[in-house]
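# Working through the structure, step by step
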Amino acid sequence: MLMATIEDGRPMSSMFDERAMRRAMELAAIVRGTTSPNPWVGAVLEPGSFEGATRPPGGPHAERVALDAAAEQARGATLYVTLEPCAHTGRTSPCVDAILAAGVRRVVVGIEDPDPRVRGEGIRRLRDAGVDVEVGVCAGEVRDQLGPYLKHRTTGRPFTVLKLAVSLDGRIASPDGASRWITGDEARADAHRLRAESDAVLVGAGTVKTDDPELTVRLVPTARQPLRVVLGHAPAGARCQPALELGGDLGDVLDELGRRDVLQLLVEGGAHVAGAFHRAGLVDRYIFYIAPALFGGDDARPMFAGAGAATMADVWRGHIVSVERLGDDLRVELVP
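Described in the following lines is the structure provided in the data block. Throughout, residues of each chain are indexed from 1 in the direction in which the sequence is written. The predicted nature of this model means local features are confined to residues of pLDDT at least 70 and side-chain atom pairs, given and counted, to a pLDDT of 80 or more, with totals for whole chains, interfaces and linings taken over all residues. In computing side-chain properties, one takes all heavy atoms of the structure into account and sets aside hydrogens as well as water.

### Things to note about the side chain of Ser 198
By secondary structure assignment, the location of Ser 198 is in the loop between α7 (185-196) and β8 (200-204). Within the structure, Ser 198 has its side chain in polar contact with the side chain of Gln 264 (distance 2.9 Å). In this description, contact between two residues means that some pair of their heavy atoms is separated by no more than 4.5 Å. Beyond its immediate stretch of four places on either side in the chain, Ser 198 contacts Arg 224, Pro 226, Gln 264 and Leu 266. For the purposes of this entry, the term helix denotes a DSSP run of H or I that reaches at least four residues, the term strand denotes a run of E that reaches at least two, and both are numbered from the N terminus. Think of a polar contact as two N or O atoms within 3.5 Å of one another; within protein, one of them needs to be a possible hydrogen donor and the other a possible acceptor, and neighboring residues in sequence only count if both atoms come from side chains.

Pasting the structure below:
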C-alpha cells in the first residue's frame, strides 16, 4: 500500500497529527491561568475538529469537553490530547472511562503524565481495551508548555521563575532604592501576565519596606490572584497583606509552597532574594525586562546582591530561549 509523504519524507498522517496536537496546545495555552493545580491540557477530536480544554478545578478535563462536543461523532474518531488521560478518580471520574465509552478508535498523546496516580496507567488501560495509542507527538513542545506541572509532580517543588526589570547597565534601582519605573508600559503589562499565570509571587521583606508592592495582577484580566509570599515579616499595614510569611532555607520554602499546590512561583526580588535564589541554583527560568536606560555608575543597585563569580571559570552561563521587543524594552528569557 502506498503512503503519501511530504517533502521531508514524513508521512502526511504524521504532519496531520502534529497539526492537531499544536492546535490542542493552543487550546491549553488559553486556560493556562485557570486550571492550577491541575495541568492545563488541550484536546482535539478528529474528524470534526471538536475541541476542549481543561476547566477550572472540579470541572471537566479537556478530553471530556471535546467528547461532549462531539457526542455520537466520537465513535471511531481520533482524540489528540497534550497529556496522558487520567485513569483515577479525583475531583472528576477517569477520562479513560469516558474515552472508552465514547468508542474512540485512536488516541494520540503528547507526553505521559508523571503524576504517580497516572504514570502510564491511562495509556495501558486504553491499549488493553484495544484502542490504538501513540505517544510522543510534539513531546518537546508539550513538555515546555507543561514545565511547571511536570516540575511539581516530579519534585514536589514549584517551577521557579525569577523576574527582574533592569537598566541596560544591569541595575534594578537607584542608590536611594527607587525602582519605579525602569521599564515602560508594555513590559509592565507583560510582567502582570506572568503574575497571572503564576500561583504565587514572592519578594523579600526589604522590598516590602522599600516599595510597599501590592503583588496583585492589575494590568491584565485574570480569574484569580496569586498567593502573596514574603521572605521575612511584612508589616500589618503593608499593601501585600494578607501574605504568607516564610523564612529559613530556600529549599524548605519551596517544599512548603509545593505542599500548598504552588506549581509556578514568580520571584520578583529584590537583589538579595534574587541573588540567594540564583546562587542556590533554584531558578528554573530567568526573565529580564531590559530598558534602554543607563544609571551610569557603580552606586546604583545591582541585579544580585552578595558575592558573585570569583573567576571567569566560575561565571554562570545559561541558554537564551527568546528575545522579544516590548515597546522600547527587551524581554530576554533564559534557562540554566
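### Side note on the packing of aromatic side chains
Note on aromatic contacts: the rings of Phe and Tyr and the six-membered ring of Trp form a pair at centre separations within 6.5 Å, being stacked when their planes are under 30 degrees apart, edge-to-face when over 60 apart, and tilted otherwise. In this structure the tally under the stated criterion is three aromatic pairs. Judged by centre distance (4.9 Å) and plane angle (55°), the rings of Tyr 286 and Trp 316 are tilted. In this pair, Tyr 286 sits in strand β12 (residues 285-291) while Trp 316 sits in the loop between β13 (301-302) and β14 (319-326), placing the two residues 30 residues apart along the sequence. Residue class for Tyr 286 comes out buried when judged on its relative accessible area of 3%. Linked through ring pairs, Tyr 286, Phe 288 and Trp 316 together constitute an aromatic cluster. Lysine and arginine charges are scored as sitting over a ring when NZ or CZ, respectively, is within 6 Å of the ring centre and within 35 degrees of the ring normal. A cation over a ring is seen here: Arg 32 above Trp 40, with NZ or CZ 3.8 Å from the ring centre. Using a 1.4 Å probe on the protein chains alone, a residue whose accessible area is under 20% of its type maximum counts as buried, one over 50% counts as exposed, and one in between counts as partly exposed.

### Comments concerning the environment of Thr 34
Positionally, Thr 34 belongs in the loop between α1 (12-30) and β1 (42-46). For Thr 34, a relative accessible area of 29% translates into the label partly exposed. Sequence-distant contacts of Thr 34, defined by excluding residues within four places in its chain, comprise Pro 56, Pro 57 and Ala 223.

### As for the sheet that holds strand β5 (residues 132-135)
Judged by pairing direction, the sheet is mixed, and its five strands sit side by side in the order β2-β1-β3-β4-β5 without closing on themselves. Because the sheet does not close on itself, it has two edges, and the strands there are β2 (50-53) and β5. Within this sheet the neighbouring strands show an average axis-to-axis angle of 15°, counted without direction. In this sheet, β2 lies alongside β1 in antiparallel orientation, the contact comprising four bridges. Note that in β2 the partner of Leu 45 across the bridge is Phe 50. Between any two strands, pairing holds if DSSP finds at least two bridges. Fitted lines through C-alpha atoms give the axes, limited to the stretch in contact for helices. The angle between two N-to-C directions lies from 0 to 180 degrees.

### Comments concerning the state of the cysteines
Here, the word disulfide means a covalent bond between the sulfur atoms of two cysteines. In this description, a disulfide is simply a cysteine sulfur pair whose atoms lie within 2.5 Å. Inspection of the entire model under this criterion finds zero disulfides. Here Cys 86 stays free of any disulfide, with the sulfur of Cys 95 as its closest cysteine sulfur at 3.7 Å. Cys 86 gets classed as buried once you look at its relative accessible area, which sits at 8%. Taking relative accessible area as the criterion, Cys 95 reaches 1% and is therefore assigned buried.

### Re the pairing of β12
Counting buried residues along β12, seven of its seven residues qualify, which places the element largely inside the surrounding structure. Alternating positions in β12 separate into two faces, Arg 285, Ile 287, Tyr 289 and Ala 291 on one and Tyr 286, Phe 288 and Ile 290 on the other, with burial throughout. Alignment of strand β6 (residues 159-167) against β12, held across seven bridges, turns out to be parallel. Its bridge partner lying in β12, Ala 165 is registered against Tyr 289. Pairing analysis gives five bridges linking β12 to strand β15 (residues 329-335), with the strands arranged antiparallel. Bridge pairing in β15 places Ile 290 opposite Leu 330.

### Notes on the sheet that holds strand β9 (residues 227-231)
If you trace the eight strands from one edge of the open sheet to the other, you get β10-β9-β8-β11-β6-β12-β15-β14, paired in mixed fashion. The sheet is open, and its two borders are formed by β10 (244-246) and β14, each paired with just one other strand. Strand after strand, the sheet turns through a mean of 20° between neighbouring axes, direction not considered. Two strands pair when backbone bridges link them, and β9 and β10 are joined in this way by three bridges, in the parallel orientation. Bridging from a neighbouring strand, Val 230 pairs with Glu 245 of β10.

### Remarks on the pattern of salt bridges
Two side chains with opposite charge may pair up if their charged atoms get near one another. In the sections that follow, a salt bridge refers to a side-chain nitrogen of Lys or Arg positioned within 4 Å of a carboxyl oxygen of Asp or Glu. Evaluated as defined, the whole model comprises 27 salt bridges. For Arg 124, the salt bridge goes to Glu 121, with nearest N and O atoms at 2.4 Å. Of this pair, Arg 124 and Glu 121 both sit in helix α4 (residues 121-128), three residues apart, roughly one helical turn. The partly exposed category is assigned to Arg 124, whose relative accessible area is 40%. Here Asp 212 and Arg 239 are joined by a salt bridge, their closest N and O atoms 3.8 Å apart.

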